[in-house]
Amino acid sequence: MAGVRFANVFKKFGDFTALNNLDITVNDKEFLVLVGPSGCGKTTALRCLAGLEDVTSGDIFIGENRVNDTPPKDRDIAMVFQSYALYPHMTVFDNMAFGLKLRGVKKEEINRRVKEAADILGLEQLLKRRPRELSGGQRQRVAVGRAIVREPKVFLFDEPLSNLDAKLRVQTRAQISKLHQSLQTTFIYVTHDQTEAMTMATRIAVMNKGILQQLETPKNLYDKPANLFVAGFIGSPAMNFFDAKIKKSDKGAVVELDSFNLQIPENKAATFIPYDGKTVICGIRPEDIHNPEFLPADISTAYVEAQVDVIELMGNEIILYLVSGTHNYVARVDPRTRFAIGDKVKLVFNMDNMHIFDPSQDAENPVAVR
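Residues numbered from 1 in each chain as written. Predicted model: local features only at pLDDT ≥ 70, side-chain atom pairs only at ≥ 80, totals over all residues. Heavy atoms only, no water.

Caption draft 1: Quick peek at the overall build of the chain. Helix and strand counts for the chain come out as 9 helices and 21 strands. For the C-alpha atoms alone, the extent of the chain along its principal axes is close to 80 × 45 × 35 Å. The 370 residues of the chain split such that 48% are buried. Across the chain, the fraction of contacts at a sequence separation of at least 24, relative to all contacts at a separation of at least 6, is 67%. For the chain, the computed accessible surface area is about 17700 Å², with 47% contributed by carbon and sulfur atoms. Counting 46 positive and 46 negative side-chain charges, the chain places the centres of these two groups 7 Å from one another. (Helix = DSSP H or I, 4+ residues; strand = E, 2+ residues; numbered from the N terminus. Buried < 20%, exposed > 50% of the residue type's maximum accessible area, 1.4 Å probe, protein only. Contact = heavy atoms within 4.5 Å. Areas by Shrake-Rupley, 256 points an atom, 1.4 Å probe, with all protein chains shown as cover. Lys, Arg positive; Asp, Glu negative; His and termini not counted. Charge placed at Lys NZ, Arg CZ, Asp CG, Glu CD.)

Caption draft 2: Quick look at the packing of aromatic side chains. On inspection of all chains with the given rule, the structure shows 15 aromatic pairs. Relative to F157, the ring of F155 lies with its centre 6.3 Å away and its plane at 25°, an arrangement referred to as stacked. Neither residue differs from the other here; F155 and F157 are each classed as buried. For the ring pair F241 and F357, a centre distance of 6.0 Å and an interplane angle of 75° mean the geometry is edge-to-face. Here the residue F241 occupies a position in strand β11 (residues 240-249), and F357 occupies one in strand β20 (residues 355-358), the gap between them amounting to 116 residues. Overall, the relative accessible area of 33% leaves F241 in the partly exposed class. Feature note: the residues F31, F155, F157, F187 and Y189 constitute an aromatic cluster, connected by ring pairs. The ring of F13 carries the charged tip of K11 above its face, separated from the ring centre by 4.9 Å. Stacked on the ring of Y275, the Lys or Arg K278 has its end atom at 5.4 Å from the ring centre. (Phe/Tyr/Trp six-rings, centres within 6.5 Å; stacked < 30°, edge-to-face > 60°. Lys NZ or Arg CZ within 6 Å of the ring centre and 35° of its normal.)

Caption draft 3: Examining the sheet that holds strand β5 (residues 65-66) more closely. Reading across from one edge, β2-β1-β4-β5 is the order of the 4 strands in this open sheet, with antiparallel pairing throughout. Bordering the open sheet on either side are β2 (16-26) and β5, each of which pairs with just one other strand. Relative to β5, strand β4 (residues 57-62) runs antiparallel, the two sharing 2 bridges. Directly across from F61, in β5, lies its bridge partner R66. Each of β1 (4-13), β2 and β4 touches helix α1 (residues 42-50); the most contacted strand, β1, lies at about 110° to it. (Pairing = 2+ DSSP bridges. Axes fitted to C-alpha atoms, helices over the stretch in contact; angles between N-to-C directions.)

Caption draft 4: Quick look at the sheet that holds strand β16 (residues 301-313). Ordered in space as β15-β19-β16-β17-β18, the 5 strands form an open sheet in which the pairing is antiparallel. Both edges of this open sheet fall to β15 (289-290) and β18 (327-333), since each of them pairs with a single strand only. In the sheet, strand β17 (residues 318-324) pairs with β18 via 7 bridges, with the strands oriented antiparallel. Each residue of the ladder has a partner; that of Y321, found in β18, is V330.

Caption draft 5: Structural view of the nonpolar core. In this structure, M96, F157, I176, Y189 and V206 are the most contacted members of the largest nonpolar core, which totals 44 residues. With near-sequence residues (within four places) excluded, V206 lies in contact with V35, I211, L212, Q213, Q214, L221, F229, V230 and I234. Counting 33 residues, the second largest nonpolar core, distinct from the first, contains V255, V308, L320 and Y329. (Core = buried A, V, L, I, M, F, W, Y, C linked by side-chain atoms within 4.5 Å.)

Given below as structure tokens:
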């Protein structure tokens with residue numbers, strides 16, 4: 001088994017910089033997810049690690065070995081792609097065994113590895129079938145099984161669930177997580193889906209425009225985003241953002257918006273008082289805006305009047321699209337809520353979970369104030 005390290009890696013395609021000084025250490029047996037929008041560099045990072053792309057500068061290590069000049073076949077990695085890439089004329093067994101046969105592995109060892117992988121993935125009854133006789137989820141499991149039989153140091157997954165329907169994605173997501181627990185091997189997984197990242201990862205690397213934005217555990221990433229991009233990318237529905245100013249008050253400090261003010265909790269006021277009079281961006285997640293009838297216990301409250309614009313009934317929750325003066329925002333409220341479109345309602349912001357971002361140094365991607 002082995003960890004992985006990207007050490008100040010740059011990758012350029014002509015004048016375009018796909019990876020900009022990428023520096024990540026992936027621990028042995030860790031499940032690291034690279035997440036970000038299309039074009040952020042996550043797949044390029046995976047392809048550089050696999051040896052399918054040469055780095056422009058910097059170093060890549062697998063274990064203690066620098067692999068910049070090592071051919072892909074000698075890096076001891078296995079990759080699962082978005083496309084299943086199965087041989088249509090071969091059985092499931094032969095698809096899984098093909099790479100081992102090319103390497104001259106003995107027949108008895110091939111049989112052992114394929115049987116073990118099939119047991120792990122629930123493919124025992126499908127080994128004699130051909131790909132056309134399988135569902136999309138089964139084909140994806142065969143592609144994963146083909147990687148498992150190689151017994152590599154590192155598994156690489158490039159958007160492996162994007163071709164599956166919603167139900168199969170949830171099922172296969174759980175299977176891959178269980179697989180990681182079973183194999184105790186280093187997994188590096190690329191996705192644009194932040195739900196996949198949050199539910200599967202040991203740690204998440206959020207990327208944008210080739211730059212690593214934040215590397216953290218899912219909980220810390222959600223609770224303490226480093227900047228505006230991370231805050232807006234992680235979470236569904238996305239965090240609400242409001243242009244605002246910090247103002248001192250008798251009780252410490254308030255966030256002053258065009259249409260309403262939000263009292264900052266006394267235990268947080270000292271952090272924000274130095275920003276008195278400064279323009280900031282206030283962020284609050286939809287799940288931190290509540291119907292006053294169903295408030296969580298022991299939260300710092302700020303009441304806001306709003307008009308209900310759109311209602312989405314989700315069964316276990318209700319998504320409200322709201323308007324307060326010039327501000328449009330989203331709330332995720334208790335399913336017992338009985339609001340109607342057009343109602344003028346009172347809502348509660350949980351100010352304990354408010355975020356403030358300072359645009360003074362980087363207007364495009366303001367950093368979080370802690």
